[in-house]
Amino acid sequence: MARDNEEFTMIFNEHYRSLCRFLECLLGGRSDVAQEIAQESFLRFYRLEDDDLPTVEARFWLYRVARNLALNELSKRQTRHQLLGKVTEILRRRPPDPEENLERAERQQIVLELLKSLPEQQRAALLLREQEEMSYREIAHVLNITESKVKVDIFRARGAMRASWNKAVGISS
Amino acid sequence: MDCHFTEKISLLIDDELTEEEAKEATAHLSDCVACQRAHDDFLRLRGEINSYAVASDFVAQRRALRRILGAEKPPLWRRSIRLPVPACALLLVALISLGVWLAFVRQSMPVSKEAEMKPQKVLTRPAPAQDLLDLARFDRGERAAIYKVRRANQGDIEQ
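Residues numbered from 1 in each chain as written. Chains lettered and ligands numbered in written order. Predicted model: local features only at pLDDT ≥ 70, side-chain atom pairs only at ≥ 80, totals over all residues.

Visitor: Even after reading the chapter, I still don't get the overall build of chain A, so can you show me in this structure?
Guide: A count of helices and strands for chain A gives eight helices and zero strands. Listing the helices and strands of chain A from first to last along the sequence gives α-α-α-α-α-α-α-α. If you take every contact in chain A between residues at least 6 apart in sequence, the share linking residues at least 24 apart comes to 65%. (Helix = DSSP H or I, 4+ residues; strand = E, 2+ residues; numbered from the N terminus. Contact = placed C-beta atoms within 7 Å.)

As structure tokens, then:
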């Protein structure tokens, strides 16, 4: 038992959804697994002693732990579903909500597919930049890499995504 | 075809350039069509990635929070009571003052008075109750004898 419940609840409410979104994009749209990992990350955070981690560091700590858990999950799944491949992938996909705009759902699916095609580190760096609006320094802190590596990763990720996006929607760059 | 400056455009939109570099990149951007296109594409991708929304299920979120908070309840003997620091300090000062006062009072008290205050316990054997009726006699069947003595005594008084 470590953290003050009130403080923990505040941090949870502030970051839970963003963390779920980050994980969902990192895992290629698996919302159930994303939620499980997010909860596991928060549980580990809750068990930490107050002195072990200052509250200002909480966000970075959570993203680092969640990303590591997601990496484990990705490697596990890769081995488990190697043979089933695309078929399982299609079956696992969430059917589009009838209320959702079809075009938007399709675009989201394209974004997910494009993100999935990136190497994991580039994907994580790009997501932390675009969705979480972290600085390169903060991203380097979360991913435990240098700032110059972050710079290169983000640029490469953007370049690759841009090319694939234009290809997918039929625009020549 | 990409321009060699495209990497700077990526840094520009991330606000990771110095003021000087940002000015240079902005000036280049106004002249270079390839960089303008890259700039627009990067921003469009940002919008697409940002617009990715997770299904908002607040009930599930609350349930998750409750599960985490409920998972870690320590046993009763390991729970600690948190007191505010000023209250602890005040309590400590009060205890020390009380201790000092008691010590002072004990020291200043005279020995004779102290002795007076001590209760004197003297063990004295109770005097034999000769005048009292010995009830043990009843157990030995001497009731009638006692009765007779009493009657005799009463007779003396009547006479």
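Visitor: I would appreciate a short explanation of the overall build of chain B in the present structure.
Guide: A count of helical and extended segments in chain B gives eight helices and zero strands. Looking at chain B as a whole, 9% of its 159 residues qualify as buried. Taking all contacts inside chain B whose residues are at least 6 apart in sequence as the whole, residues at least 24 apart take part in 55%. (Buried ≥ 20, exposed ≤ 12 C-beta atoms within 10 Å, placed from the backbone.)

Visitor: Explain the environment of L29 of chain B to me, please; I cannot follow it from the model alone.
Guide: Residue and element names in this part refer to chain B. Checked against the element boundaries, L29 lands in helix α2 (residues 19-31). Once the C-alpha coordinates of L29 and F5 are considered, the two residues, 24 residues apart in sequence, prove to be 8.9 Å apart. Contact partners of L29, with chain neighbours within four places excluded, come to I9, C35, Q36 and H39.

Visitor: Before we go on, may I ask you to explain the nonpolar core in this structure?
Guide: Nonpolar side chains in soluble globular proteins generally cluster together in the buried interior. Residues L19, L23, A38, A125 and I139 of chain A are the most contacted members of the largest nonpolar core, which totals 44 residues. For this core, the elements supplying multiple residues, two or more each, are α1 (5-26), α2 (31-47), α3 (58-80), α5 (102-116), α6 (120-130), α7 (136-143) and α8 (147-168) of chain A together with α4 (58-71) of chain B. Looking at this core, the element that brings in the most residues is α1 of chain A, giving nine residues. Among the nonpolar cores identified, the runner-up in size contains six residues, and I9, L12, A38 and F42 of chain B belong to it. (Core = buried A, V, L, I, M, F, W, Y, C linked by C-beta atoms within 7 Å.)

Visitor: What's the story with helix α3 (residues 33-50) of chain B in this structure? I'm lost.
Guide: Residues and elements named next belong to chain B. With 18 residues, α3 should cover 26 Å at 1.5 Å per step; its first-to-last C-alpha distance of 26 Å lies within 8% of that length. Among the residues making up α3, those that are buried are C35, A38, D41, F42 and I49. One side of α3 holds all its buried residues, which, seen down the axis, span an arc of 120 degrees. Exposed positions of α3 whose direction lies more than 90 degrees from the buried face are V33, D40, L43 and G47. (Expected span 1.5 Å × (residues − 1). Arc of directions from axis to C-beta.)

Visitor: What should I look at first to understand the interface of chain A and chain B in this one?
Guide: Accessible area lost upon the coming together of the parts serves often as the stated size of an interface. Taken together, the contact pairs 31 residues of chain A with 24 residues of chain B. Where the side of chain A that touches chain B is concerned, the elements lending two or more residues are α1, α2, α5, α6 and α8 of chain A. With nine residues, α1 of chain A is the largest single contributor of residues to the side of chain A that touches chain B. Taken together, the residues that form the side of chain A that touches chain B break down as 14 nonpolar, seven polar and 10 charged. (Nonpolar A, V, L, I, M, F, W, Y, C, P; charged D, E, K, R; others polar.)

Visitor: Help me out: how do you make sense of the packing of α8 of chain A against α3 of chain B in this one?
Guide: Any two packed helices are characterised by the angle at which their axes cross and by the distance between the axes. Contact geometry of α8 of chain A with α3 of chain B gives a least axis separation of 10 Å together with a crossing angle of 90 degrees. Between α8 of chain A and α3 of chain B, the crossing angle belongs to the class labelled roughly perpendicular. Contacts between α8 of chain A and α3 of chain B pair R158, M161, R162 and W165 of chain A from the former with D41, F42 and L45 of chain B from the latter. Here the residues of the contact of α8 of chain A with α3 of chain B sort into four nonpolar, no polar and three charged. (Axes fitted to C-alpha atoms, helices over the stretch in contact; angles between N-to-C directions. Parallel < 35°, antiparallel > 145°, perpendicular 65-115°, else oblique.)

Visitor: Before we go on, may I ask you to explain unusual backbone geometry in this structure?
Guide: Working note: non-glycine residues mostly have negative phi, and peptide bonds are mostly trans. The phi angle at N144 of chain A is positive, at roughly 60 degrees, despite the residue not being glycine. Here N144 of chain A shows up in the loop between α7 and α8. Residues other than glycine seldom take positive phi values, yet D15 of chain B does so here, at roughly 60 degrees. Among the secondary structure elements, D15 of chain B is positioned in the loop between α1 (6-13) and α2. Accessibility expressed as a C-beta count within 10 Å gives 10 for D15 of chain B, which makes it exposed.

Visitor: It is not clear to me how the confidence of the model for chain B should be interpreted in this structure. Could you clarify?
Guide: Residue and element names in this part refer to chain B. Across chain B, pLDDT averages 77, with 59% of residues at or above 70. For chain B, per-element mean pLDDT is lowest for helix α6 (residues 111-117), which scores 58, and highest for α1, which scores 93. Overall fold confidence for the complex sits at a pTM of 0.64, while the interface term, ipTM, reaches 0.78. (pLDDT = per-residue confidence, 0-100.)

Visitor: Would you explain the packing of α1 of chain A against α2 of chain A in this entry?
Guide: All names here are of chain A. Contact geometry of α1 with α2 gives a least axis separation of 9 Å together with a crossing angle of 145 degrees. Regarding α1 and α2, the two cross each other, and that crossing is right-handed. Residues F8, F12, Y16, L19, C20, L23 and E24 of α1 form the contact with α2, whose own contacting residues are S31, A34, Q35, I37, A38, S41, F42 and Y46. Across the contact of α1 with α2, the residue classes tally to 11 nonpolar, three polar and one charged. (Left-handed = near helix turned anticlockwise from the far one by under 90°.)

Visitor: It is not clear to me how α8 of chain A should be interpreted in this structure. Could you clarify?
Guide: One turn of the α-helix equals 3.6 residues, which is why residues spaced by three or four share an orientation. Across its 22 residues, α8 of chain A extends 31 Å between first and last C-alpha, which sits within 8% of the 32 Å expected from 1.5 Å per residue. Contacts made by the buried residues of α8 of chain A are with α5, α6 and α7 of chain A together with α1 and α3 of chain B.

Visitor: Looking at this structure, how should I read the environment of H28 of chain B?
Guide: Residue and element names in this part refer to chain B. In this fold, H28 is placed in helix α2. With 16 C-beta atoms counted inside 10 Å, the residue H28 sits in the partly exposed group. Residues H28 and K8, 20 residues apart in the sequence, show an inter-C-alpha distance of 9.9 Å. Aside from chain neighbours lying at most four places away, what touches H28 is F5 and C35.

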